[in-house]
Every structure is written in structure tokens, then in C-alpha cells.
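Okay, here's what each chain looks like letter by letter:
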Amino acid sequence: GLLVRSLSSAQKANVGFATDGLAIVSADTSMLRYTPERSQQYWTEVARRIEAIPGVKGVALASRLPFSLNFNRTSIAVPGRQKTADEMGSATNSANVSPGYFSTLGIGVLEGRAFAASDVPGDRRVAIVNELFARTYWPSESAIGRSVYERTLSSGRAFEIVGVVANHTLQTVGETPQPAIYFATTQRPSGYNVIVARTASDDAALVSRMRETLVGLEPDLLLMESQTMKGQMQGMLFPVRVAAALVTAFSGLGLALAAVGLYGILAFAVAEGTREIGIRMAIGARPGAVVRLVLRQ
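Residues numbered from 1 in each chain as written. Predicted model: local features only at pLDDT ≥ 70, side-chain atom pairs only at ≥ 80, totals over all residues. Heavy atoms only, no water.

Some points on the overall build of the protein chain
No. 1: Helix and strand content of the protein chain: nine helices and eleven strands.
No. 2: Its C-alpha atoms give the protein chain a radius of gyration of 30 Å, clearly above 19 Å, the size a compact globule of 297 residues would have.
No. 3: Viewed in the frame of its principal axes, the protein chain has a C-alpha envelope of about 105 × 50 × 30 Å.
No. 4: Counting all 297 residues of the protein chain, 41% fall into the buried class.
No. 5: Here the contacts in the protein chain between residues at least 6 apart in sequence split such that 78% fall between residues at least 24 apart. (Helix = DSSP H or I, 4+ residues; strand = E, 2+ residues; numbered from the N terminus. Rg over C-alpha atoms; globule rule 2.2 N^0.38 Å. Buried < 20%, exposed > 50% of the residue type's maximum accessible area, 1.4 Å probe, protein only. Contact = heavy atoms within 4.5 Å.)

Right, dumping it as C-alpha cells:
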């Protein structure tokens, strides 16, 4: 009963953003030997066409979404926290996301700004961190304007923090909050992308429209993920759901066996005491008193 109740609570848990209405499709254009420039043009056009679908409220690209099996981490070195300039930074949850990612998922920007189309290669490299990351490294100061480095302080690329977003689930429901850092896809383009779109209507129908859009622009493209965010979340809970179903089934079987066993013992006890019960009733015992006697024993 506790496991089933816990599963029910997990399905209703606050994950930091609204999972309803989100459709997801992913693919990798580099498998078709697209150049980085052609990949960027392809994904830009895909996003433009999906955004034009009636009912779509927002579209974004990312290298990783919450509840996915992609556990990307990047070593992040923070000035003042490394013993030496060559010390490797801490492995931190990371993702490349496009402008509009946080607004599409419904993740609040608590300080600073989200990514913008003006964040381009050749310009200053920018990053956004979640609230826990900012509080971990700068507990009493603002994280905006601070610099962090990939891998090490001595040889890593520097990124300026321009925004802080609210904590949200990264991998699975009920997880302990984890630090996270986000980089701009406009500065780090890739052939592999997950495109996510929010709709006010049927998210499953939107998945089909998104698949048609991607394949319509490139018929040879192999689609990978293709589902709703709600379905992806349920997929992460699948092992727990199976465990709950099995425990419920075996618990029911155990309860049935216990009931049969208890009935057998009680029937045997009553049969053995038939003579006593007859004498008690003969001298005036009421049926209710006899039942109470048996149950008490």
C-alpha cells in the first residue's frame, strides 16, 4: 500500500515545470554527413515550421531534456574553488539549449536573462546556471557576471554567467536537487538536437506533426526520440510501476492465502467446540454471545 501510494505521489510531484502539452522529437543530422552550417540551417528551419503549426505556443532545441536517458555532465572549474589552476573541475549536469528553451518548458528565470539570438560564436561565451549551482558557489553574492571554466582554469574555455533559473527535475522524479549549467546552442551548434514544442491542445497529435516536419525537410533522417514529455516521465517511472504492480499482486495473493487459512482454523475450532456451543445455547446463550465467544478465542 505504501509503495502504491508513493507511486501515485511521484506521478503528481512538482518537477519544476509543466509536463502537459510538451511534444518531443530528436534526430542527428551529422549521421547524414551534414556540415555544422547545414545542420544549423536545417534545425532553424525545422523550428520555424513547427512554430507555425496552429496551437503551438513555443519551440526550443536542446541537447538534453529532463527525464531523458542522456546523462551529460561537464567538468566546471570555478575560480576560488580550485586548489590549482590545473585541477579538474567538478562534474556538473549540463545541456546546450536554444533561446526560448526555459520559456517553452515553463522554467522561471530568477535573475539575469535567458539566452538570446544575439549570443553567437565569436562573441563572449555565456552560460546560465540553476539556483542550486549559484547558491553553492556564491551563497551570499550574485552569480551574474561571474566566470566559470570548462575542465580547468588554466586551459579551459571561460563562460560568463548571464542568468540564474529555478531548480527543476533533471533525471528522475523525486531526485535531490542537483547543480546544473546550460550553454547556448547558438554558440555551440550540433547535428544532434531534441526539439521540444508546447501546445495548448493535443500533444500526441503534435508529435506526429513534428515528425512529418522533420522528415519532410530531410526524408533520409533517422528519428530517435518521439513522444510526449508526459510519456517520457512515465517511462522513467516504469520500473517503479512494475514493482508496484508485482508487490500489489503478491500482496493480494498473500492476503487471500491468509484469509483462507484463517477461515480454515476458525472452522476447525468451531467444529471442535460444537458440543460446547450446543450446551451453551441449550441453557440460554444467545447466538450473538456465541459468535463473540468464538471471535474472542
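Let's talk about the confidence of the model for the protein chain
No. 1: Mean pLDDT over the protein chain: 92, with 100% of residues reaching 70 or higher.
No. 2: The secondary-structure element of the protein chain with the lowest mean pLDDT is helix α1 (residues 2-11), recorded at 75, while strand β6 (residues 126-130) shows the highest, at 98. (pLDDT = per-residue confidence, 0-100.)

A closer look at the packing of aromatic side chains
No. 1: By the definition in use, this model includes ten aromatic pairs.
No. 2: Summarising the aromatic geometry, the rings of Tyr-42 and Trp-43 are spaced 5.4 Å apart at their centres and angled 80° between planes, so their arrangement reads as edge-to-face. The same class applies to Tyr-42 and to Trp-43, which are both buried.
No. 3: Aromatic pair Phe-159 and Phe-183: ring centres 4.8 Å apart, planes at 55°, arrangement tilted. Taken together, the residues Phe-159 in strand β8 (residues 158-165) and Phe-183 in strand β9 (residues 180-184) connect sequence positions 24 residues apart.
No. 4: Of note, Arg-38 hangs over the ring of Tyr-34, and the distance from its end group to the ring centre comes to 3.9 Å. (Phe/Tyr/Trp six-rings, centres within 6.5 Å; stacked < 30°, edge-to-face > 60°. Lys NZ or Arg CZ within 6 Å of the ring centre and 35° of its normal.)

A short note on empty space enclosed by the protein
No. 1: One pass over the full model with this rule turns up two cavities of 30 Å³ or more.
No. 2: Space inside the largest cavity adds up to approximately 80 Å³.
No. 3: Going through the elements one at a time, β4 (90-97) and β9 are the ones with two or more residues in the lining of the largest cavity.
No. 4: For the lining of the largest cavity, the class distribution of residues is eight nonpolar, three polar and one charged.
No. 5: Of the pockets and cavities examined, the second largest cavity occupies roughly 30 Å³. (1 Å grid on protein atoms, 1.4 Å probe; cavity = no way out; pocket = protein on both sides within 12 Å on 5 of 7 lines; lining within 4 Å. Points joined across faces, edges and corners; volume = space filled by probe spheres on them. Nonpolar A, V, L, I, M, F, W, Y, C, P; charged D, E, K, R; others polar.)

Looking at the packing of helix α6 (residues 229-236) against helix α7 (residues 238-272)
No. 1: Taken N-terminus to C-terminus, the directions of α6 and α7 make an angle of 55°; their axes are 4 Å apart at the nearest point. On the basis of the axis angle, α6 is oblique to α7. On α7, the residues touching Gln-234, Gly-235 and Met-236 of α6 are Phe-238, Pro-239 and Arg-241.
No. 2: Taken together, the residues that form the contact of α6 with α7 break down as three nonpolar, two polar and one charged. (Axes fitted to C-alpha atoms, helices over the stretch in contact; angles between N-to-C directions. Parallel < 35°, antiparallel > 145°, perpendicular 65-115°, else oblique.)

Some details on the nonpolar core
No. 1: With 31 residues, the main nonpolar core has Phe-17, Leu-65, Phe-67, Val-97, Tyr-101, Phe-102 and Tyr-182 as its most contacted residues.
No. 2: The residues touching Leu-65, leaving out its near neighbours within four places in the chain, are Ile-24, Tyr-101, Leu-170, Val-194, Val-196, Met-229 and Gln-232.
No. 3: Formed by 21 residues, the second largest nonpolar core is a distinct cluster that contains Tyr-34, Ala-47, Val-59 and Leu-61. (Core = buried A, V, L, I, M, F, W, Y, C linked by side-chain atoms within 4.5 Å.)

Here we look at a nonpolar patch on the surface
No. 1: Taken together, the side chains of Phe-238, Val-242, Leu-246, Phe-250, Leu-253 and Leu-257 define a hydrophobic patch exposed on the protein surface, amounting to about 630 Å² of accessible area.
No. 2: Take Leu-246: it is sitting in helix α7.
No. 3: Residue Leu-246 is classed as partly exposed on the basis of its relative accessible area of 47%. (Patch = residues over 30% accessible without salt bridge, like charges linked within 9 Å, V, L, I, M, F, W, Y side chains within 5 Å. Areas by Shrake-Rupley, 256 points an atom, 1.4 Å probe, with all protein chains shown as cover. Salt bridge = Lys/Arg side-chain N within 4 Å of Asp/Glu carboxyl O.)

Focus: the environment of Gln-82
No. 1: With respect to the secondary-structure elements, Gln-82 resides in the loop between β3 (73-77) and β4.
No. 2: Assessed through its relative accessible area of 15%, Gln-82 is described here as buried.
No. 3: Distance from Gln-82 to Ser-147, taken between C-alpha atoms, is 13 Å for residues 65 residues apart in sequence.
No. 4: Discounting chain neighbours no more than four positions away, the residues touching Gln-82 are Ile-76, Ala-77, Glu-87, Met-88, Gly-89 and Leu-153.
No. 5: Of the polar contacts made by the side chain of Gln-82, one reaches the backbone oxygen of Met-88; its length is 3.5 Å. (Polar contact = N/O pair within 3.5 Å; in protein donor to acceptor, adjacent residues only side chain to side chain.)

Some remarks on the pattern of salt bridges
No. 1: Applying the stated rule across the entire model yields ten salt bridges.
No. 2: Taking the shortest distance from any N to any O, the salt bridge between Glu-131 and Arg-135 comes out at 3.6 Å. One end of the pair is Glu-131 and the other is Arg-135, both in helix α4 (residues 131-137) and four residues apart, which spans about a single turn.
No. 3: Judged by its relative accessible area of 31%, Glu-131 falls in the partly exposed class.
No. 4: For Arg-157, the salt bridge identified is with Glu-150, shortest N-O distance 2.9 Å.
No. 5: Judged by relative accessible area, Glu-150 falls into the buried class, the value being 11%.
No. 6: The structure contains a network of salt bridges with shared partners spanning Glu-45, Arg-48 and Arg-49.

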